Amino acid sequence: MNKALLINFVRQDLIDRYSGSLLGGAWSFVMPLVNILIFVLIFSKIMGARLEILGAEFAEYSYSIFLVTGILGWNALSNTISRVTNVFSDKASLIGKVNISLVVMPVYIVLTETIIFAISYLFFMFFILLIGFPLSWHFLLIPLIFVVQQLMAYALGFICAVLSVFFRDIREFVSVILQLWFWLTPIVYVVNILPEKVRIFFMLNPAYHLVTAYRDLVMYQRMPDWTALSILFATSALLLMLGVWMFRKLERDIRDFI
């Protein structure tokens, strides 16, 4: 797939999200802002949720910062896996007409979710500045965490996309797994509230390491666990290689089934 076609896919994807609306692609900017405002309004102002992790100065917004820091990364991860899983069925009519690399084609989804993530984080950083929360050079390392995350999301999504061509139930299965995965990841709750025997199982959850890394950089302004992230990166690369190998073995059948 050439670069011009990939860019066109990304542009069209952003437009198609809100096709028929008056603002069109502008909603890509509006929705992240609205979501952040909702989180802050409900949890900080209405519910008055507090965490004893940022000190008294930022107690009012502590839970909002905790929640948004985790959920922005999760949204990109979840959306990428889900959408890449369905990419062959969504683009079936195009695949049948155009000679296109099915390995590279889903990259447009990763790029689209990257744009949404970047916009969301810009609004989040503006909010942080607005409440006087200190910024740090650690924020510059967020893209590194995001690359590891999206590599994993692409690898898992591509394997599921290959399997979904032959087993349609894979799509529903992925939706259920993502729902369970969300609640098994400390996004809306603090892991310290759980028994010590339970916490050790979070070490096996890759999303836990990603969410923790984001919070280390943003909330605590310290280095994340690079060892865990390196293992996750290497594992994701191996999964992607497995997915590509599976596709190469089954490419002719995949195109026939599509």
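Presented here is a report on the structure given in the accompanying data block. Since the model is a prediction, treat every value here as computed from it, not as a measurement.

1. As for the overall build of the protein
And then number 1: The helix and strand inventory of the protein stands at eleven helices and zero strands.
And then number 2: Considering the protein as a whole, with its 258 residues, one finds that 45% of them fall into the buried category.
And then number 3: Taking all contacts inside the protein whose residues are at least 6 apart in sequence as the whole, residues at least 24 apart take part in 75%.
And then number 4: As displayed, the protein offers around 13,500 Å² of accessible surface, 68% of which is attributable to carbon and sulfur atoms.

2. Overview of the pattern of salt bridges
And then number 1: Tallying each qualifying case throughout the model produces four salt bridges.
And then number 2: Measuring nitrogen to oxygen at the nearest pair gives 3.2 Å for the salt bridge that ties Glu 113 to Arg 83. In this pair, Glu 113 is assigned in helix 6 (residues 107-130) and Arg 83 in helix 3 (residues 62-85), connecting sequence segments 30 residues apart.
And then number 3: Taking relative accessible area as the criterion, Glu 113 reaches 2% and is therefore assigned buried.
And then number 4: Residues joined in a network through salt bridges with shared partners are Asp 13, Arg 83 and Glu 113.

3. Details of helix 10 (residues 206-218)
Every α-helix carries 3.6 residues per turn, so stepping three or four residues along brings you back to the same face.
And then number 1: The end-to-end C-alpha separation of helix 10 is 19 Å, in line with the 18 Å expected for 13 residues at 1.5 Å each.
And then number 2: The buried count for helix 10 comes to eleven of 13 residues, which makes it a mostly enclosed element.
And then number 3: Every buried residue of helix 10 is accounted for by Ala 207, Tyr 208, His 209, Leu 210, Val 211, Ala 213, Tyr 214, Arg 215, Asp 216, Leu 217 and Val 218.
And then number 4: Contacts made by the buried residues of helix 10 are with helix 3, helix 6, helix 7 (142-166), helix 8 (169-183) and helix 11 (226-257).

4. Focus on the packing of helix 7 against helix 10
And then number 1: With their axes 10 Å apart at the nearest point, helix 7 and helix 10 run at an angle of 165° to one another. In terms of orientation, helix 7 and helix 10 fall into the roughly antiparallel class. Viewed along their axes, helix 7 and helix 10 form a crossing whose handedness is left-handed. Residues Ile 142, Ile 145, Phe 146, Val 148, Gln 149 and Met 152 of helix 7 lie in contact with helix 10, whose contacting residues are Pro 206, Leu 210, Ala 213, Tyr 214, Leu 217 and Val 218.
And then number 2: Residues that form the contact of helix 7 with helix 10 fall into these classes: eleven nonpolar, one polar and no charged.

5. Section: the nonpolar core
And then number 1: By size, the foremost hydrophobic cluster in this structure holds 43 residues, and its most contacted members are Trp 74, Leu 77, Phe 117, Tyr 121, Phe 124, Ile 142 and Trp 181.
And then number 2: At the level of secondary structure, the elements contributing two or more residues to this core comprise helix 3, helix 6, helix 7, helix 8, helix 10 and helix 11.
And then number 3: Among the elements that take part in this core, helix 3 stands out by supplying eleven residues, more than any other.
And then number 4: If sequence neighbours within four positions are ignored, Phe 117 has contacts with Leu 72, Gly 73, Ala 76, Ile 142, Phe 146 and Tyr 214.
And then number 5: Core analysis: the second largest hydrophobic core is formed by 25 residues, Val 103, Phe 158, Val 162 and Met 246 among them.

6. Considerations on helix 1 (residues 3-16)
And then number 1: Relative to the 20 Å expected for 14 residues at 1.5 Å per residue, helix 1 spans 20 Å between its end C-alpha atoms, a close match to the ideal helical length.
And then number 2: Taken as a whole, helix 1 has its buried residues at Leu 6, Phe 9, Val 10, Asp 13 and Leu 14. Buried positions in helix 1, seen along its axis, are confined to an arc of 125° and lie on one side of it. Every exposed residue of helix 1 that faces more than 90 degrees away from the buried side is listed here: Ala 4 and Ile 7.

7. Describing the packing of aromatic side chains
And then number 1: In this structure the tally under the stated criterion is 15 aromatic pairs.
And then number 2: Relative to Tyr 214, the ring of Tyr 121 lies with its centre 6.4 Å away and its plane at 35°, an arrangement referred to as tilted. You can see Tyr 121 sitting in helix 6 and its partner Tyr 214 sitting in helix 10, a full 93 residues away along the chain. Like Tyr 121, the residue Tyr 214 is buried in the burial classification.
And then number 3: Members of the aromatic cluster, each reached through a chain of ring pairs, are Phe 117, Tyr 121, Phe 124, Phe 127, Phe 146 and Tyr 214.
And then number 4: Positioned above the aromatic ring of Phe 9 is the side chain of Lys 91, whose terminal nitrogen or guanidinium carbon lies 5.2 Å from the ring centre.
And then number 5: Positioned above the aromatic ring of Phe 66 is the side chain of Arg 215, whose terminal nitrogen or guanidinium carbon lies 3.5 Å from the ring centre.

Rules used in this analysis
Residues numbered from 1 in each chain as written. Predicted model: local features only at pLDDT ≥ 70, side-chain atom pairs only at ≥ 80, totals over all residues. Heavy atoms only, no water. Helix = DSSP H or I, 4+ residues; strand = E, 2+ residues; numbered from the N terminus. Buried < 20%, exposed > 50% of the residue type's maximum accessible area, 1.4 Å probe, protein only. Contact = heavy atoms within 4.5 Å. Areas by Shrake-Rupley, 256 points an atom, 1.4 Å probe, with all protein chains shown as cover. Salt bridge = Lys/Arg side-chain N within 4 Å of Asp/Glu carboxyl O. Expected span 1.5 Å × (residues − 1). Axes fitted to C-alpha atoms, helices over the stretch in contact; angles between N-to-C directions. Parallel < 35°, antiparallel > 145°, perpendicular 65-115°, else oblique. Left-handed = near helix turned anticlockwise from the far one by under 90°. Nonpolar A, V, L, I, M, F, W, Y, C, P; charged D, E, K, R; others polar. Core = buried A, V, L, I, M, F, W, Y, C linked by side-chain atoms within 4.5 Å. Arc of directions from axis to C-beta. Phe/Tyr/Trp six-rings, centres within 6.5 Å; stacked < 30°, edge-to-face > 60°. Lys NZ or Arg CZ within 6 Å of the ring centre and 35° of its normal.

In short, geometric facts, not functional conclusions.
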